[in-house]
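# Per-entry structural report
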Amino acid sequence: MLYIIHENDEWLPPFRETFRDAGLAVTEWHMARYLPDLSEEPPQGIFYVRMSASAHTRGHRGVPELTSGVLCWLERHGRRVINGSQALDLELSKLRQYEALQRHDLRVPLTAAARDPEQLLHLAHAMPGSFITKHNRSGMGLGVEWFEDLAAFEARLEGGETDPPIDGVTLIQQYIDSPDPFIIRCEFIGGSLVYAVRVDTSQGFQLCPADLCAVEGQPVSAATGQRPLFEIIPTYSDPILGQYEAFLSAHSIDVAGIEFITDHSGRKWTYDVNVNTNYNSEAEERAGVDARAHLARFLQRELACC
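Criteria and thresholds
Residues numbered from 1 in each chain as written. Predicted model: local features only at pLDDT ≥ 70, side-chain atom pairs only at ≥ 80, totals over all residues. Heavy atoms only, no water. Helix = DSSP H or I, 4+ residues; strand = E, 2+ residues; numbered from the N terminus. Buried < 20%, exposed > 50% of the residue type's maximum accessible area, 1.4 Å probe, protein only. Expected span 1.5 Å × (residues − 1). Polar contact = N/O pair within 3.5 Å; in protein donor to acceptor, adjacent residues only side chain to side chain. Pairing = 2+ DSSP bridges. Salt bridge = Lys/Arg side-chain N within 4 Å of Asp/Glu carboxyl O. Core = buried A, V, L, I, M, F, W, Y, C linked by side-chain atoms within 4.5 Å. Contact = heavy atoms within 4.5 Å. pLDDT = per-residue confidence, 0-100. Phe/Tyr/Trp six-rings, centres within 6.5 Å; stacked < 30°, edge-to-face > 60°. Lys NZ or Arg CZ within 6 Å of the ring centre and 35° of its normal.

Moving on to the environment of glutamine 203. As for its placement among the helices and strands, glutamine 203 is situated in the loop between β10 (192-200) and α7 (211-215). By relative accessible area, which is 74% here, glutamine 203 ends up exposed. In sequence terms glutamine 203 and histidine 30 are 173 residues apart; their C-alpha atoms lie 33 Å from each other.

In this section: the environment of aspartate 89. When you line up the elements, aspartate 89 lands in helix α3 (residues 85-91). On the basis of relative accessible area, aspartate 89 is assigned to the partly exposed category, the value being 33%. Considered as a pair, aspartate 89 and alanine 53 are 36 residues apart in the sequence and their alpha carbons are 9.8 Å apart.

Right, let's get into helix α10 (residues 291-305). Along its 15 residues, α10 runs 21 Å from first to last C-alpha, staying within 8% of the 21 Å computed at 1.5 Å per residue. Where α10 is concerned, the buried positions are Ala291, Arg292, Ala293, Leu295, Ala296, Phe298, Leu299 and Glu302. Its side-chain oxygen at 3.1 Å from the backbone nitrogen of arginine 292, aspartate 290 defines the N-terminal cap of α10.

Further remarks concern the pairing of strand β12 (residues 255-262). β12 sits mainly inside the fold: 7 of its 8 residues count as buried. Note: strand β9 (residues 182-189) against β12, 6 bridges, orientation antiparallel. Looking at the pairing, glutamate 187 lines up with glycine 257 of β12. Here β12 pairs with strand β13 (residues 268-274) via 6 bridges, running antiparallel. By the bridge assignment for β13, isoleucine 258 is matched with valine 273.

So, about the pattern of salt bridges. Opposite charge on two side chains lets them pair, provided their charged atoms get close. Inspection of every chain in the model, using the stated rule, returns 17 salt bridges. Linking arginine 156 and glutamate 145 is a salt bridge whose minimum nitrogen-to-oxygen distance equals 2.8 Å. One end of the pair, arginine 156, is in helix α6 (residues 150-158); the other, glutamate 145, is in strand β7 (residues 145-147), with 11 residues separating them in the sequence. Given a relative accessible area of 29%, arginine 156 falls into the partly exposed group. Salt-bridge contacts for arginine 267 lead to aspartate 263; the nearest nitrogen and oxygen are separated by 2.9 Å. Assessed through its relative accessible area of 8%, aspartate 263 is described here as buried.

Counting 54 residues, the largest nonpolar core has Phe19, Tyr48, Cys186, Tyr244, Phe247, Leu295 and Leu299 as the members making the most contacts within it. Discounting residues that sit within four places of it in the chain, phenylalanine 247 has contacts with Leu90, Ala100, Leu101, His104, Leu106, Ile253, Ile258 and Val273. Of all hydrophobic cores here, the second largest spans 16 residues; its members include Met31, Ala53, Trp73 and Leu92.

This part covers the pairing of strand β8 (residues 170-174). Counted residue by residue, β8 has 5 buried out of 5 residues, so it is predominantly covered. Of the strand pairs in this sheet, strand β6 (residues 131-135) and β8 are connected by 5 bridges, and their pairing is antiparallel. Residue pairing for β8: threonine 133 is matched across the bridge by isoleucine 172.

What follows covers the side chain of histidine 135. Mapped onto the fold, histidine 135 is located in strand β6. Residues within four places of histidine 135 in sequence aside, it is in contact with Lys94, Leu142, Gly143, Asp163, Pro164, Pro165 and Val169.

Turning our attention to the confidence of the model for the protein. Per-residue confidence for the protein averages 91 on the pLDDT scale, and 92% of its residues sit at or above 70. Segment residues 210-224: pLDDT under 50, and 31 contacts once partners within four positions in sequence are set aside and those in other chains are kept.

Okay, the packing of aromatic side chains next. Summed over the entire model, instances satisfying the criterion amount to 13 aromatic pairs. Centre to centre, the rings of phenylalanine 15 and tyrosine 279 are 6.1 Å apart; their planes meet at 50°, and the pair counts as tilted. Here tyrosine 279 lies in the loop between β13 and α9 (281-287) and phenylalanine 15 lies in helix α1 (residues 13-21), a separation of 264 residues in the sequence. The exposure class of tyrosine 279 is buried, given its relative accessible area of 2%. Between arginine 50 and the ring centre of phenylalanine 15, over which it is positioned, the NZ or CZ distance is 4.1 Å. It is arginine 107 that lies over the ring of tryptophan 269; its NZ or CZ is 5.5 Å from the centre.

Structure follows, in structure tokens:
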């Protein structure tokens, strides 16, 4: 039996359809509605975790923390957990992500953290040029703002309160200027690259690839003659991929999207690890690939070993 641990019904339909077509028997644990008995032994099977850092935006504050404990329970009993407690820990904190990435010699933008606007303003004085602010825990690029200089940031602070971060921690981060307005997102399943995605950043930082986000109008259709927001590179190759694979293995992360940006000197800066990754069907159809089908085959192999 495959158990999917999640808190967002809206992201699940494409996965449900693919898993059904693959003949996978699935039970869902919606952690905002379901609580397993931790005094009992867990059921047999494998557990695929799709818990999101943005759970609080759907009224599910505290659900990721509860899920973290449930994952420890599953792991204590020896169950196979895909994207288990280590993965969720990194999903919930950009600060912990950046420290983990740097332990694997992966370059990350200069980043500092603060608890209040006064601390942020103090840190902004030390930023070498333009910068962004973001929530330590967010998801989907929520809370990201770009500031050209210190004066722009001061004007923003004087303009009123921003949405407070759910964990009370706001990050201020060096802005990496790229010669082209795009980033690369590398999608991994089973710890290996499936494909890379070229993501247009010219319209902002909320770069959710889920089909639901497409319904809300983010991707640009190829029919308009403009370059699409998401463009898959099926045969992408780069030395950084080996570093990413080592990073994922060290932290027991099986399924993830990792994003980086390249500066004018050709240096790659990694700034996000998403272990609750979604896929864009429109982009996949254009490229003739299907990550969800790839994921289903990976889960079938895991079940066969279980």
